[in-house]
Amino acid sequence: MTRGQAGWYGRGAGVAVGTGLAGATGWLTSWPEYIDTAPLGLTVGAAGAVVGFAAGAWWDRRAARLEAERFERERWAGLFSDSPTQALPTQDADGGQGAELLLPQAAVVDFERAHRPHVVQIRTWCTEPEPGRVWLLAGGPGAGKTRVAMRVVQQLRGLPDQPWDCGWLRPGPGKGEAAADLADTWDRPVLIIVDDADLHDDLSALLAAAHRPRGEHAKGFRILLVAREFGAWWDYTKQKVRVSIDTAAESTWVGPLAADLQGQRVATRRAVSAFAARLEVPVRADNVVLRGLQPGTPAMLLHAAALESVLQTRDGYHAPVDVNDAVDSLLDREVERWVREARRQNLTHYPQVTEEVLRDTLVLATLVGGRDDADAALLLRHVPGLTDLTPDLAGKLLNWMRLYGVLAEYRARPHLPAVLAETLVVKALTGNPMMAGAVARLAGTPEQASYALAVLTRAAAHSPAAMTAAGLLIQADPLRLLPIAIELVRRGVGSLDPAIADALKGMTLPWDAALRLHDDAFRSSSRLSLTLIALATVLVACAPDKPRRAASLDRMCASLVMTSYLGEALKPAEDAVRLLRTLARSRADRHLPSLPGALTVLAGALHQSRRPDDAAEAAREAVKLRSDLADTDPEQHLPLLPGALTVLAAALRDSRDPSEAVTFAREAVARRRQLARTDPDRHRPLLPAALTTLASVLHQVRRDAEIQEPEHSDIDARRAEAVVLAREAVALRRELAAADPDEHLALLPGALTVLASVLYSAELWDEAIAPAREAVALRRSLANGHPDHHRPLLPAALAILACALHKSALRGEAEAYAAEAITLWESLPAAERNQRWSVFPAPLAHLSSALGARSADPAPLDIGIGQGVMLLAITDDDEVDTSWHRGEPSARRDALFESLEEIDDGRKPPYDSDDPVQGLAIMVYDAARPESALTSAREVVVHAGRDRGRVLMDGEKGAP
């Protein structure tokens, strides 16, 4: 019976009763003696009908309310669970005796005191009248995040005045928006907990729905996002939502239980006592010996070691337990447990059911998931080694799998905490070559494949072999899984870049497919630097003919430029130019338009390889060709001309004749501005590179003019213009990074460093500190996720910050940053230092004597020849310790000029690491520092090739 039917049945019954009463009354009133009471009968009948109808209406409302409540409860149960869903308790014969004791739900160990402030903080946020709707709870793997969230839920549900309804959002498409809709109409306040938020299918929809206007009678709801970190994936999610995420002022980071070893030991002893009590094993915590304790060890590893020590004591062992081996030991115990249960169910009578088969079955369920018997049957058919799968065997295996909670949810791990489950997955994929293929075949949908790769990415935080496992999975089905892996990286879920690059080594792909993959990865080059180069290599190797090989080489060069490996682009750029020249002779109309682009990349590579004069020559040809082509096809070639002009200006800036650099740099900026007005989406993001190049050119040529003609009237104007341009570049780069951090945030530190350098040269030292600090902070943050790309650029930002701090009399801080810059620079491979020669300013060589253990002789610093101008700038008015000087000044000066003569004679490369900067510094640092010494130093700089000591480290794409 439906709600409407029930209501109308009630109303009908009321009317029938009223009619009956009216009829009875009428019969009675038919007697002569009751004639006078006829109106009374009619009144009673009408009243009965009204009462009956009202009773029916009441019944209708009651039935509707009960059905609505039942419907809402069913909706709630479909969207939320009362406890975390990522791990379920086991029901086998050994239940409660193994790794499930580590689950947050087990709560064997008392809630840690160190985590209580986190609970108070989040509970206070929930009960504030108008807080933000989203709170971020972060912490490393096994830190105790879920336990903190569970304690918050427990306290909110127990509030006496207004208890909360709290639910853990179930994974699955469409759940997020539906959960927000339900919570917004709930008659009590709601807390939605999203565990593993970075892996959730529908987080964007949930956040977007959370920021809609609230319902009229809604009590409001909060969202608690739980994840291991809120970095690139969080930035991507906020951008996708396209609303301002109203986050609380503070988030919570769940750190280690104790920062020192003594605190770690105390926490471990408490855990040993708790596990011993639960398992009824007589163990004295003081007698347990643990090895490998280190400050900052996660709570999960401490508890795993404590549990392993208790289990060993129960089994009669008394050996010390290593914290780093405890997880592997517990996993071995779990495998033995699975085998015992399989033996109880007579599964081991089947010869194909081995220990490896049982383990791999649970691993496949962990990575791919299963909700019902149909999913499980499909899964079993993909288990390596499980041949001759009869219906009887399949049924028994299904019953065995159900005990470990892998068929109950959209995604469910077996009865293991996340760290143990991820370690199990990595061991299975790296230990059995067939498992990667099985996972690839079973993960039939993009969502399943994405989840499997994401699990391996997260495992890399505690298991180094996880990237190997991810590479094996990608190799199993590269055409399908490579786009999914690239999309994961674009979303910021971990860093699969090394795994993708390793998987591509030696791989052969169809050229068209490789081209699509390369162009897809090119859009996120800052996060896929290794992948981009590996795909370009595959593209070149798979090119079936000369035209496509030329296109492949062109993309190889572009990839090396975009990933700041410009020094490695020289050979492919030379090959591309040579091949395109050959092709253009026979088919100029088809291949000549590609030649300017290859020449531009060649110019950048030559410049990076310390050949600025050759770079200028190649760039001139590129500009001329592009201009000629633009005369016949302006729509195609005019938009590409500013890029070639920018490269030419940068090359001329460092050549022996930089006089034209300003002219070409100005033209590049003017053309880029004009194009940005007509097509802002395409050209406005490219404007900052042209601006920073012009600023650096003005700075460089201004320095040359200042050295040769100190009274040059144009110096101050160029200095001011350089500052204005650098500020505009930073402002524009900030705007672009705010709109699209994935594409532009990595370029902001370079623009900031250029601004700091220009401000420093303009003697605005205090103003230079802020952008230099921001550049260092951003570069550090980006280096955490992409060390290959950003770590080599960090010394430049550190050095200019040290220079500005030193000039602002903050010498102690300046020395610390200088020491870090020098140490980091020297730690880079020689080839890397050679590529970065043009972006590393003088690392305060004059402070080397204050760096303690560092050598007093600045020669090992491997800084470039023209760092002299920076050295002059930072020593004119400073007291300098000269205790490290060795030998007579005249002998050092003679050696210096001898080195310069070798440069002029071609016997020594002008940018060799053994350049005259050492002698220049010695002259500048003479104890008396007479004016003649400074004059000689300036002459040395000019003689050495026009101030190679500019402070430029833009690191910009397209601006070598």
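Keep in mind the model is a prediction, meaning the values are calculated, not measured.

Scoring rules and cut-offs
- Residues numbered from 1 in each chain as written.
- Predicted model: local features only at pLDDT ≥ 70, side-chain atom pairs only at ≥ 80, totals over all residues.
- Heavy atoms only, no water.
- pLDDT = per-residue confidence, 0-100.
- Helix = DSSP H or I, 4+ residues; strand = E, 2+ residues; numbered from the N terminus.
- Contact = heavy atoms within 4.5 Å.
- Axes fitted to C-alpha atoms, helices over the stretch in contact; angles between N-to-C directions.
- Parallel < 35°, antiparallel > 145°, perpendicular 65-115°, else oblique.
- Nonpolar A, V, L, I, M, F, W, Y, C, P; charged D, E, K, R; others polar.
- Phe/Tyr/Trp six-rings, centres within 6.5 Å; stacked < 30°, edge-to-face > 60°.
- Buried < 20%, exposed > 50% of the residue type's maximum accessible area, 1.4 Å probe, protein only.
- Lys NZ or Arg CZ within 6 Å of the ring centre and 35° of its normal.
- Pairing = 2+ DSSP bridges.

### A closer look at the confidence of the model for the protein
Taken over all residues, the pLDDT of the protein has a mean of 75, while the share at 70 or more is 73%. Confidence scores differ between elements of the protein, with helix H40 (residues 868–875) showing the lowest mean pLDDT of 32 and helix H4 (residues 145–157) the highest of 92. For the stretch residues 1–8, pLDDT sits under 50, and the model shows nine contacts to residues farther than four places along the chain or on other chains. Long-range and interchain partners of residues 706–712, a stretch whose pLDDT sits below 50, account for twelve contacts in this model, where long-range means more than four residues apart.

### A look at the packing of helix H17 (residues 466–476) against helix H18 (residues 478–491)
To describe two helices that pack against each other, one gives the angle between their axes and the distance between the axes. One way to put it is that H17 packs onto H18 with a least axis distance of 6 Å and a crossing angle of 130°. With respect to H18, the element H17 is oriented oblique. Here Leu-473, Ile-474, Gln-475 and Ala-476 of H17 lie close against H18, whose contacting residues are Pro-478, Leu-481, Leu-482 and Ala-485. Split by residue class, the contact of H17 with H18 holds seven nonpolar, one polar and no charged.

### Re the packing of aromatic side chains
Tallied over the entire structure, the rule returns five aromatic pairs. Both rings, one in Trp-233 and one in Trp-234, keep their centres 5.7 Å apart while their planes meet at 65°; by these two values the pair is edge-to-face. With a relative accessible area of 2%, Trp-233 lands in the buried category. Assessed through its relative accessible area of 4%, Trp-234 is described here as buried. Within the aromatic cluster, the residues linked to one another by ring pairs are Phe-230, Trp-233 and Trp-234. Sitting over the ring of Phe-221, Arg-133 keeps its end group 4.1 Å from the ring centre. Residue placement shows Arg-548 over the ring face of Trp-511; its charged tip is 5.7 Å from the ring centre.

### Section: the environment of Ala-576
Within the secondary structure layout, Ala-576 lies in helix H23 (residues 570–586). Residue classification places Ala-576 among the buried positions, given a relative accessible area of 0%. For the pair formed by Ala-576 and Gly-597, sequence separation is 21 residues and the distance between their alpha carbons is 9.8 Å. In this structure Ala-576 touches Leu-553, Asp-554 and Ala-598, once residues within four positions along its chain are discounted.

### Section: the environment of Leu-805
Within the secondary structure, Leu-805 sits in helix H37 (residues 794–807). C-alpha of Leu-805 to C-alpha of Tyr-817: the two residues are twelve residues apart in sequence and 9.1 Å apart in space.

### Description of the pairing of strand E3 (residues 165–169)
Working note: regular strand, side chains alternate between the two faces of the sheet. In terms of residue burial, E3 counts as a mostly covered element, since five of its five residues are buried. Burial along E3 is two-sided: the face carrying Asp-165, Gly-167 and Leu-169 and the face carrying Cys-166 and Trp-168 are both buried. Direction of pairing for strand E1 (residues 80–81) relative to E3: antiparallel, over a ladder of two bridges. In the strand pairing of E3, Ser-81 is matched with Trp-168.

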